[in-house]
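Coordinates in review
The primary structure of each chain is shown beneath.
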Amino acid sequence: MIDLDEHGHEPVERSGITQRNVANSRKMLLQLVAAFVIGVVLGGIGVGELRDSRAQRERSTVVALVALPESGYSGGSNSRGTVRLNGQLTMINTGPAPITIRAVQAERLGVQVRAIGQARQVRPGGIGQILVDLQLDCSTAFQPEPLSMRFSVETEDKRLREVRYPVALVGSAWQEDALLMCEPQLDS
């Protein structure tokens, strides 16, 4: 028998199930959107941190310096026309990170330069001095072309790098000091 007075039980149950499914779908959609937004934010922060870290690593490897000869403060000469001076080399760190100058040397016809002082740390924009031993031939040392100086530099990332910088000897304090000692030899 079919009861015509009682109809609609199934649709009411289906309607409740449908409303629950819609509510669950909306809730899941909101969770997915929230997870996506959180992922985008965290990913953006991670990319920014990675970029900053990479930039910091690159800055820590850059070496930029300027070297200037300073007055020699003691020395002597020999009969072969060579003078030996102890001088100073002033270095200016024009790079973005601190550096430590470990060694300095240069060599060409009539010129030898070697560091005799301890390693010097120079902050960015800072000035440091290192003691050097100079051996200069009175007749050939002072050529018009600059002397290519080699620097062994430790960067912020604790790696040693070799850097070259041209230093003009003509007109420098080293030339003035050497010529004072060379004059008696050149006159004889």
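Let me sum up the structure you'll find in this document. Note that the coordinates shown come from a computational prediction; the quantities given were computed from them, not determined experimentally. (Residues numbered from 1 in each chain as written. Predicted model: local features only at pLDDT ≥ 70, side-chain atom pairs only at ≥ 80, totals over all residues. Heavy atoms only, no water.)

Concerning the overall build of the chain
Just so we agree on the cut-off: Under the DSSP-based scheme used, a helix requires at least four consecutive residues in state H or I and a strand at least two consecutive residues in state E, with every element numbered from the N terminus. For every residue, the accessible area (1.4 Å probe, protein chains only) is compared with the maximum for its type, and the residue is labelled buried under 20%, exposed over 50%, or partly exposed between those bounds. What sets the accessible areas is the Shrake-Rupley method with a 1.4 Å probe; for residues, cover comes only from the shown protein chains.
The helix and strand tally for the chain stands at two helices and eight strands. Secondary structure elements of the chain occur, N-terminal to C-terminal, as α-β-β-β-β-β-β-β-β-α. The buried share of the chain, reckoned over its 188 residues, is 28%. When the accessible area of the chain is evaluated, it comes to approximately 12,300 Å², of which 55% is carbon and sulfur surface.

Quick look at the nonpolar core
The test is simple: Throughout, nonpolar core names a set of buried Ala, Val, Leu, Ile, Met, Phe, Trp, Tyr and Cys residues whose side chains join them through atoms within 4.5 Å.
Counting residues in each nonpolar core, the largest one holds 31 residues, and the members touching the most others are Leu89, Ile101, Val113, Leu136, Met149, Phe151 and Val153. Of all elements in the fold, only β1 (65-77), β2 (82-93), β3 (99-108), β4 (111-115), β6 (127-137), β7 (147-154), β8 (160-167) and α2 (173-187) reach the threshold of two or more residues within this core.

Regarding the pattern of salt bridges
Inclusion rule: The working definition used for a salt bridge is a side-chain nitrogen of Lys or Arg within 4 Å of a carboxyl oxygen of Asp or Glu.
A full pass over the atoms with the stated rule returns four salt bridges. The salt bridge partner of Arg84 is Asp133, with a shortest N-O separation of 2.8 Å. Taken together, the residues span a long stretch of sequence, with Arg84 in strand β2 and Asp133 in strand β6 at a distance of 49 residues. Ionic pairing is found between Asp157 and Arg161, a salt bridge with its closest N-O pair at 3.4 Å. When its relative accessible area of 23% is taken as the criterion, Arg161 is described as partly exposed.

So, the state of the cysteines
Put simply, the test is: In plain terms, two cysteine sulfur atoms within 2.5 Å form what is called a disulfide here.
All chains considered together, the criterion is met by one disulfide. A sulfur-sulfur distance of 1.9 Å marks the disulfide that ties Cys138 to Cys182. What sets the handedness of the Cys138 and Cys182 disulfide is the S-S torsion sign, and at about -85° it is left-handed. Here Cys138, found in the loop between β6 and β7, pairs with Cys182, found in helix α2; they are 44 residues apart in sequence, far enough to count as distant. For Cys182, a relative accessible area of 1% gives the class buried.

Remarks on the environment of Val83
Secondary-structure assignment places Val83 in strand β2. When the C-alpha atoms of Val83 and Ala178 are compared, they prove to be 6.5 Å apart, with 95 residues separating the residues in sequence.

Nothing here speaks to function; it is geometry throughout.
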